[in-house]
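Okay, here's what each chain looks like letter by letter:
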Amino acid sequence: MIKAAFFDVDGTLYSHKTLQVPPSTRDAIAQLQSKGILCIIATGRHPTELAALPLEEIGFDAYLLMNGQMMQDKDRNMIFSVPLSGKVKDVLVKQFEDHTYPSLLLEEKDIYLNFANDRVMEAQAHFNLPTPKICPTYTGNEVYQFCLYIREDEESFLADIADDCVITRWHNYGIDLLAKGGGKMVGIQRYLDTIGIKPEEIIAFGDGHNDAEMLRYAGIGVAMGNAEDDTKAVADFVTADIDDDGIARALKHFNLI
């Protein structure tokens, strides 16, 4: 029996064509919650980015943020967090302050870039995101995630820390770097342990590369029709596009609504 549903945001809950959550998705989530099924966001977005989207009125039961690095309850109180530390943090902070590549630094309550260029603009625009503020010097606060705006052929300098962090590409010009053991799947696993739900008792929806592990881990992993091919390949079910009522169609297919 499914007891919880996890939803990616961009391309899954939030349409970049309409800039809204499809009405059928809103209704489907309300139906799930009326049956006692927890509905939880699982996104790579920072809390401040999420707050700018039309999601707050839906009333999710919990929020897994920054690709699993932070978990908040329905009232946005912290359940757990996983900041970067050690050599990985030192290398990335140095890169940030040397301005080698555009770099986005995500703290608990703030996001800032060391500098912006055309590749930053292109990657941000792809997800309808504004360009974050510029702050060329690290503040010294805890860091939960770095985003580097680099091409795949520019990643070689990361080889020295690759075994000590999680690297996920989300755009031709964008990668996320998290603490080792991070990621949506690990965050979900940790959350399930706190609430006593088993992986086979959850359904998860996603469309991006960073959703693949989450879909493999869930009892039912659903890829959106607009998902990346590698994400579709690991899913238990491929539903329709987000703008073609994909979430509602999948939940009906599995007799959950």
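Here is a short report on the structure shown in this document. Each residue is numbered by its place in its chain's sequence as written, counting from 1. Note on the predicted model: pLDDT of at least 70 is required for a residue's local features to be given, and 80 or more for side-chain atom pairs to be given and counted; whole-chain, interface and lining totals, by contrast, use all residues. Hydrogen atoms and water are omitted, and side-chain values are computed over all heavy atoms in the structure.

## Focus on the packing of aromatic side chains
Stacked, tilted and edge-to-face are the three classes assigned to paired rings of Phe, Tyr and Trp, where Trp is represented by its six-membered ring and a pair needs centres within 6.5 Å; plane angles under 30 degrees give stacked, over 60 edge-to-face, the rest tilted. Here the structure, examined in full by the defined rule, presents seven aromatic pairs. Here Phe96 and Tyr112 contribute two aromatic rings whose centre-to-centre distance is 5.7 Å and whose plane-to-plane angle is 80°, an arrangement assigned as edge-to-face. One end of the pair, Phe96, is in helix H3 (residues 86-98); the other, Tyr112, is in strand E7 (residues 111-113), and 16 residues separate them in sequence. Both rings, one in Tyr101 and one in Phe157, keep their centres 5.5 Å apart while their planes meet at 25°; by these two values the pair is stacked. With Tyr101 in the loop between H3 and strand E6 (103-106) and Phe157 in the loop between strand E8 (145-148) and strand E9 (165-171), this pair connects stretches of sequence that are 56 residues apart. In this structure, Arg76 packs its charged tip against the face of Tyr63, placed 3.9 Å from the ring centre. Note on conventions: DSSP H or I runs of at least 4 residues are helices, E runs of at least 2 residues are strands, and numbering of each starts at the N terminus. Whether a charge sits over a ring depends on NZ of Lys or CZ of Arg being within 6 Å of the ring centre and within 35 degrees of the ring normal.

## With respect to H3
Because an α-helix packs 3.6 residues into every turn, residues spaced three or four apart end up facing the same way. Between the first and last residue of a helix there are one fewer steps than residues, each counted as 1.5 Å, and that sum is the expected span. Given a rise of 1.5 Å per residue, 13 residues ought to cover 18 Å, and the 18 Å separating the end C-alpha atoms of H3 matches this to within 8%. Whether a residue is buried, partly exposed or exposed follows from its accessible area with a 1.4 Å probe, protein chains only, as a fraction of its type maximum: under 20%, in between, or over 50%, in that order. Among the residues of H3, Val88, Lys89, Leu92, Val93, Gln95 and Phe96 are the ones counted as buried. The buried side chains of H3 occupy one side of the element, clustering within an arc of 160° when seen end-on. Across from the buried face of H3, at angles greater than 90 degrees, the exposed residues are Asp90 and Lys94. Buried residues along H3 sit against E6, E7, E8, E9 and strand E10 (174-179). The directions considered for the arc run from the helix axis to the C-beta atoms. Should any heavy atoms of two residues lie within 4.5 Å, those residues are considered in contact.

## Notes on the pairing of E6
Taking every second residue as pointing to the same face, both faces of E6 are buried, with Ser103 and Leu105 on one and Leu104 and Leu106 on the other. The pairing criterion is simple: DSSP has to find at least two bridges between the two strands. Bridge count between E6 and E8: four bridges; the pairing is antiparallel. Each residue of the ladder has a partner; that of Ser103, found in E8, is Leu148. In terms of strand pairing, E6 meets E7 through three bridges, oriented antiparallel. Bridging across to E7, Leu106 finds its partner in Ile111. Connecting E6 to the antiparallel partner E7 that follows it, the hairpin turn spans four residues.

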